[in-house]
There are 2 protein chains.
Amino acid sequence: MLTKAPHLFDDATQVTAGDSRWQGKTSADYWAFVGPFGGATAATILRALIDHPERSGDPLSLTINFCAPIAEGAFDLDVRLVKANRSSQHWCVELTQGGGEVATLATAVFAERRPSWSHQPVERPPATPFEQIQPFPKIKPTWANQYDFRFAEGYPDFSGAKKDAVPASAYSKLWIADRVPRKIDALSLMSMSDAFFGRVFHARRELMPFGTVSITTYFHADADDLVAEDITRVLAVADAKIFHKSYGDQNGELWSPNGCLLATTTQIAYFKA
Amino acid sequence: MLTKAPHLFDDATQVTAGDSRWQGKTSADYWAFVGPFGGATAATILRALIDHPERSGDPLSLTINFCAPIAEGAFDLDVRLVKANRSSQHWCVELTQGGGEVATLATAVFAERRPSWSHQPVERPPATPFEQIQPFPKIKPTWANQYDFRFAEGYPDFSGAKKDAVPASAYSKLWIADRVPRKIDALSLMSMSDAFFGRVFHARRELMPFGTVSITTYFHADADDLVAEDITRVLAVADAKIFHKSYGDQNGELWSPNGCLLATTTQIAYFKA
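Analysis parameters
Residues numbered from 1 in each chain as written. Chains lettered and ligands numbered in written order. Predicted model: local features only at pLDDT ≥ 70, side-chain atom pairs only at ≥ 80, totals over all residues. Heavy atoms only, no water. Helix = DSSP H or I, 4+ residues; strand = E, 2+ residues; numbered from the N terminus. Rg over C-alpha atoms; globule rule 2.2 N^0.38 Å. Areas by Shrake-Rupley, 256 points an atom, 1.4 Å probe, with all protein chains shown as cover. Salt bridge = Lys/Arg side-chain N within 4 Å of Asp/Glu carboxyl O. Buried < 20%, exposed > 50% of the residue type's maximum accessible area, 1.4 Å probe, protein only. Contact = heavy atoms within 4.5 Å. Buried area = accessible area lost by both parts, 1.4 Å probe. Nonpolar A, V, L, I, M, F, W, Y, C, P; charged D, E, K, R; others polar. Least-squares fit on C-alpha atoms with pLDDT ≥ 70 in both. Pairing = 2+ DSSP bridges. Patch = residues over 30% accessible without salt bridge, like charges linked within 9 Å, V, L, I, M, F, W, Y side chains within 5 Å. Polar contact = N/O pair within 3.5 Å; in protein donor to acceptor, adjacent residues only side chain to side chain.

Caption draft 1: Focus on the overall build of chain A. Helix and strand counts for chain A come out as 6 helices and 12 strands. In terms of C-alpha radius of gyration, chain A reaches 18 Å, essentially the compact-globule figure of 19 Å for 273 residues. Dimensions along the principal axes, computed over C-alpha positions, put chain A at roughly 55 × 45 × 45 Å. Accessible surface, chain A: about 10,900 Å² in total, of which carbon and sulfur atoms supply 53%.

Quick look at the structure:
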């Protein structure tokens, strides 16, 4: 009998079913500088919601507030269905460790996506094909090495060599795929929406203390749409509009190679510079 | 002695101090088609947080999930400080009526805005001056009449006359001021960030059943910045990227006339078309 090890992403975002209380754990494979990769935490929270017996519909909106560092190891997810309507659900999730204070606070909306008038005023940005771009090299934070980043624009220069020059563009356009290919689903869209390097790193061309404070992702494709897309990568763009008094913004889009806008995302992040 | 009636906006977003439980009420002056104007609800929640004795710092991020209709009258705000750090606070607010289910669920981040490297890669869009544009006429929902909307681009045509034509642009650029001038603060920024007409109305050139499901606003100016700006209106732009399976997005910016980006906002909304 052939057995197949689960994808590292599915292992990292695994949850143990409870009733209102679920369990997850951090993963050494998706580790950032001082804690777990926020995208993996977000996807774990989303998985607990998707797997919840009372869940109906598809993820429409997910907001994650990163309140405090998450330590290596297990965590609890307190999952609460705040309000259910005929075609939508509102959820609240609190992540705690060892019975302590809340480390992550999330709200989510799920919805039955009914057929409607459909219109996508913007087109997928043009980009050099995935196959024609070199993968971004492996770096220290393990999470980044689980992804195959291929920059079509805004290739990172975080050397600090030009940090006192005129600020560089904060815009990036890149293909994002799991390093070991994995079909794109809502979980990977959530994680990938937090997989952009800090906009301030691009603008200042150097690394510095940085942390996402709050991220919101909207899903524009439901499970049926994603099955129909049948893809293992997205074309992702991100930009920033302001860096001021220690916080900067980011807005991004995740596109299917075929040109469907799958998700839009925005975040506000702390930086020290 | 001269007494001065409070501004209608301050009256509409008034709260009665409690400990963890605050009270607010809907206002006939800020009424939409089937319930209170969401921006007023959002500002009322923000006011309860700003007035809270444990609050420190300025609003950085506010997410409001509209879970169920709010009936005319009083409501309770269950305000909870979920986590406080050295320079930031994470809050959760639940709005209920008559001890019933949650109608609105909000999370907020407050932060002490410390001096830092500052950079605003985008400039304020050019626009015909406020004084040179006619105010948008009064319409049925009272909330809209509390604002002085002056469209520089994307003037609304919701007549339905051209609804079967090629979709119109969802982009709008307009000045927004309180009809009775009021100094711009975080409360009015929050409310104004929900004061755009539905993008789908613009794209389809007609009104239809519509409701914001979730809105997130990031504040890029703190109280000191706003005092220094000393303004009574903003230049506001909004656009949409997709309408699909009964939901559409919106992203917007609120600019000071002097060119500072005060807030960015995004929302996902239900529509029936």
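Caption draft 2: Molecular detail of the pattern of salt bridges. For the coordinates displayed, the defined rule picks out 29 salt bridges over all chains. Across the pair Asp 222 of chain B and Lys 245 of chain A runs a salt bridge, and its minimum N-O distance is 2.9 Å. Placement of the pair is Asp 222 of chain B in the loop between β8 (210-219) and α6 (223-229) and Lys 245 of chain A in the loop between β10 (243-244) and β11 (247-255), with the two residues belonging to separate chains. The same class applies to Asp 222 of chain B as to Lys 245 of chain A, namely buried. Beyond isolated ion pairs, a larger network of salt bridges with shared partners links Asp 10, Arg 47, Arg 182 and Asp 185 of chain A.

Caption draft 3: Spatial organisation of unusual backbone geometry. Residues and elements named next belong to chain B. A positive phi angle, near 55 degrees, is found at Asp 230, a position not held by glycine. Its location among the elements puts Asp 230 in the loop between α6 and β9 (233-239). A positive phi angle, close to 45 degrees, is found at Lys 245, a residue other than glycine. With relative accessibility at 17%, the residue Lys 245 sits in the buried group.

Caption draft 4: Expanded view of the interface of chain A and chain B. Taken together, the contact pairs 64 residues of chain A with 64 residues of chain B. Three residues stand out in chain A for area buried against chain B, namely Trp 117, Lys 241 and Lys 245 of chain A, and they jointly supply 14% of the buried area on that side. A salt bridge links Glu 253 of chain B to Lys 241 of chain A, with the nearest nitrogen and oxygen atoms 2.8 Å apart. It is strand β12 (residues 261-271) of chain A that contributes the most residues to the side of chain A that touches chain B, 6 residues altogether. Of the residues that constitute the side of chain A that touches chain B, the class distribution is 29 nonpolar, 20 polar and 15 charged.

Caption draft 5: Spatial organisation of the relation of the copies chain A and chain B. By a simple turn and slide, chain A fits onto chain B: the slide is 0.0 Å along the axis, the RMSD is 0.0 Å, and the turn is 180 degrees. Seen this way, the second copy is the image of the first under a two-fold rotation axis. Same-surface contact between copies: 100% of interface residues of chain A are shared with the interface of chain B.

Caption draft 6: Representation of the pairing of strand β12 (residues 261-271) of chain B within the structure. Residue and element names in this part refer to chain B. Counted residue by residue, β12 has 10 buried out of 11 residues, so it is predominantly covered. Relative to β12, strand β11 (residues 247-255) runs antiparallel, the two sharing 9 bridges. Along β12, the bridge assignment pairs Tyr 247 with Tyr 270. The turn joining β11 and β12, which pair antiparallel and follow one another in sequence, is formed by 5 residues; a positive phi near 105 degrees is taken by Gly 259.

Caption draft 7: Main features of a nonpolar patch on the surface. Together, Phe 33, Val 34 and Leu 207 of chain A make up an exposed nonpolar region whose accessible area comes to about 360 Å². With respect to the helices and strands, the residue Leu 207 of chain A is situated in the loop between α5 (199-204) and β8 (210-219).

Caption draft 8: The arrangement of the side chain of Thr 264 of chain B in detail. Tracing the sequence through the fold places Thr 264 of chain B in strand β12. Judged by its relative accessible area of 7%, Thr 264 of chain B is buried. Reaching out from Thr 264 of chain B, the side chain makes a polar contact with the side chain of His 220 of chain B at a distance of 2.8 Å. Beyond its immediate stretch of four places on either side in the chain, Thr 264 of chain B contacts Lys 241 and Asp 249 of chain A together with Thr 216, Thr 217, Tyr 218, His 220, Gly 252 and Glu 253 of chain B.

No statement about biological role is implied by the geometric values presented.
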